[in-house]
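Coordinate analysis (summary)
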Amino acid sequence: MQVAQDALDAAKSMLLAELQASKEFELDGASTLNAWVRNQLRLKPGQASILVRNVQALSDLPGVAEAALAGKMSAAHVAVFAYGLRHIGLESMREFEAEFVDVALARVPGDLFEAVKHLQDVLHPEDLDEKYLDGMEKEDFSIDALPDGFHVTGFLNTVTGSKLKKAIDALSAPKDADDKRTGAERRVQAVDDLASAFLGSGLPADKGVKPHMSVFVDAETLAAAAEHVEQTTKKPYLNPPAMPATEPAVLAGHGAIGPQLLMMLTCMAAVTPIVHTVQANPSDVTTGRAKRGRCPGEARQRRSR
């Protein structure tokens, strides 16, 4: 069945080559062959583009056409030959056509692409520098706060991307045979480890204060969150008290956070009390000495020792 499907895809492209030469697709009101394929064959744009791109490869490379019409290579393989024609040229592709056909008959399209791409890099090394410069122009990186976390988007140039990938790959490797974390979990943890190590090693100070995460929370909210989390973790589990209608804690640069995350960060943080009156001016505050935050249940554990 797969052989038949591949042969039919090749036959369609060959017929499309005749249609393109005759321009008869214009009789159906289509301005391009691609538009005709989408309208008349009811294919998605991506599927239509593959068929149309393959037209040139099957027309210019007889060895490819013969193998494709016999169902010996897929439309995805033929698409790689079409890529070669566009980026390497007809003369070079014909020179190495037989070798590439042998690769296509034995390997997956990705392997064929690597072979064709290698020839492109050998014949046109200047294209590699152009791609690097193009990547420099597309550079972008942003981290946007969302209600459930942060959304990371961007594009890195070749050198910067390689550095980041090397660091993430090294930090996200499984610790041992018993490491059951998914690849996604290990990569996210690697980013956390990378940021923690960098911040912990000490960055240039800003007026004597190293960069750090800040959480702002009212004392009433902090106390209620501690009680809520402590009751939640008790055994047997009790119904935790409802959080009162107080101002939520705010993680600087992100927004409001819930009691569970608040208490987790409190366990890791130094807590600095700031006292002010309702009528106080923004500068009329009293700042106390920072102390290590306590986790829910810590006081009870101390009393029991």
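Note that the structure is a prediction, hence the values are computed from the model and not measured.

How each quantity is defined
Residues numbered from 1 in each chain as written. Predicted model: local features only at pLDDT ≥ 70, side-chain atom pairs only at ≥ 80, totals over all residues. Heavy atoms only, no water. Patch = residues over 30% accessible without salt bridge, like charges linked within 9 Å, V, L, I, M, F, W, Y side chains within 5 Å. Areas by Shrake-Rupley, 256 points an atom, 1.4 Å probe, with all protein chains shown as cover. Salt bridge = Lys/Arg side-chain N within 4 Å of Asp/Glu carboxyl O. Lys, Arg positive; Asp, Glu negative; His and termini not counted. Charge placed at Lys NZ, Arg CZ, Asp CG, Glu CD. Helix = DSSP H or I, 4+ residues; strand = E, 2+ residues; numbered from the N terminus. Buried < 20%, exposed > 50% of the residue type's maximum accessible area, 1.4 Å probe, protein only. Polar contact = N/O pair within 3.5 Å; in protein donor to acceptor, adjacent residues only side chain to side chain. Pairing = 2+ DSSP bridges. Contact = heavy atoms within 4.5 Å. Axes fitted to C-alpha atoms, helices over the stretch in contact; angles between N-to-C directions. pLDDT = per-residue confidence, 0-100. 1 Å grid on protein atoms, 1.4 Å probe; cavity = no way out; pocket = protein on both sides within 12 Å on 5 of 7 lines; lining within 4 Å. Points joined across faces, edges and corners; volume = space filled by probe spheres on them. Phe/Tyr/Trp six-rings, centres within 6.5 Å; stacked < 30°, edge-to-face > 60°. Lys NZ or Arg CZ within 6 Å of the ring centre and 35° of its normal. Core = buried A, V, L, I, M, F, W, Y, C linked by side-chain atoms within 4.5 Å. Parallel < 35°, antiparallel > 145°, perpendicular 65-115°, else oblique. Nonpolar A, V, L, I, M, F, W, Y, C, P; charged D, E, K, R; others polar.

**Quick notes on a negative patch on the surface**
Together, Glu126, Asp129, Glu130, Asp134 and Glu137 give the surface a local cluster of negative charge. On the secondary structure map, Asp134 appears in helix α9 (residues 126-137). Overall, Asp134 belongs to the partly exposed group, its relative accessible area being 42%.

**Details of the environment of Asp176**
The residue Asp176 is located in the loop between α10 (158-171) and α11 (183-200) in this model. In terms of polar contacts, Asp176 uses its side chain to reach the backbone amide nitrogen of Asp179, at 3.1 Å.

**Overview of the sheet that holds strand β4 (residues 249-251)**
Ordered by their spatial adjacency, three strands build an open sheet running β3-β4-β5, and the pairing between neighbours is antiparallel. Because the sheet does not close on itself, it has two edges, and the strands there are β3 (215-216) and β5 (255-257). With two bridges joining them, β3 and β4 adopt antiparallel strand pairing. Across the sheet, Phe216 pairs through a bridge with Val250, a residue of β4. Relative to β5, helix α13 (residues 259-268) is tilted by about 90 degrees, and along the sheet it contacts β3, β4 and β5.

**A word on the side chain of Thr266**
If you trace the backbone, Thr266 turns up in helix α13. For Thr266, a relative accessible area of 9% gives the class buried. In this structure the side chain of Thr266 is engaged in a polar contact, spanning 2.7 Å, whose partner is the backbone oxygen of Leu262.

**Looking at the confidence of the model for the chain**
Residues at a pLDDT of 70 or more form 83% of the chain, whose mean pLDDT is 83. The secondary-structure element of the chain with the lowest mean pLDDT is helix α14 (residues 298-304), recorded at 42, while helix α7 (residues 97-106) shows the highest, at 96. Note that pLDDT drops below 50 for residues 299-305; the model gives that stretch five contacts with residues more than four away or on any other chain.

**Structural notes on empty space enclosed by the protein**
Under the counting rule described, the total for this entry stands at one cavity of 30 Å³ or more. In this structure, the largest cavity encloses a volume near 40 Å³. Forming the boundary of the largest cavity are Asp6, Asp9, Ala10, Ser13, Asn54, Leu58, Ala68, Met73, Ser74, Ala75 and Val78. Looking at the lining of the largest cavity, the elements with two or more residues in it are α1 (2-22), α3 (45-60) and α5 (75-87). With four residues, α1 is the largest single contributor of residues to the lining of the largest cavity.

**A few points about the packing of aromatic side chains**
Per the counting criterion, the structure on display carries two aromatic pairs. Ring centres 6.4 Å apart and planes at 40 degrees place the aromatic pair Phe96 and Phe100 in the tilted group. Exposure remark for Phe96: the relative accessible area of 29% places this residue in the partly exposed category. Here the basic side chain of Lys138 rests over the ring of Phe155, its NZ or CZ set 4.5 Å away from the ring centre.

**Topic: the environment of Ala256**
Summarising the element assignment, Ala256 is placed in strand β5. When the C-alpha positions of Ala256 and Pro147 are compared, they lie 8.1 Å apart, and in sequence the two are 109 residues distant. The residues touching Ala256, leaving out its near neighbours within four places in the chain, are Pro248, Ala249 and Val250.

**Focus: the nonpolar core**
Within the largest apolar cluster, 23 residues are counted, with the highest numbers of intra-cluster contacts made by Val64, Met73 and Phe81. Contributions of two or more residues to this core are made by α3, α4 (62-69), α5, α7 and α8 (109-123). Residue contributions to this core peak at six residues, all from α5. Excluding anything up to four places from it in sequence, Val64 contacts Leu58, Met73, Val78, Phe81, Glu97 and Val101.

**Some points on the packing of α1 against α3**
It is at 8 Å that the axes of α1 and α3 come closest, and there the two elements cross at 85 degrees. Considering their axes alone, α1 and α3 lie roughly perpendicular with respect to each other. Mapping the contact onto sequence places Asp9, Ala10, Lys12, Ser13, Met14, Leu16, Ala17 and Gln20 in α1 and Leu51, Asn54, Val55, Gln56, Leu58 and Ser59 in α3. Considering only residue class, the contact of α1 with α3 consists of seven nonpolar, five polar and two charged.

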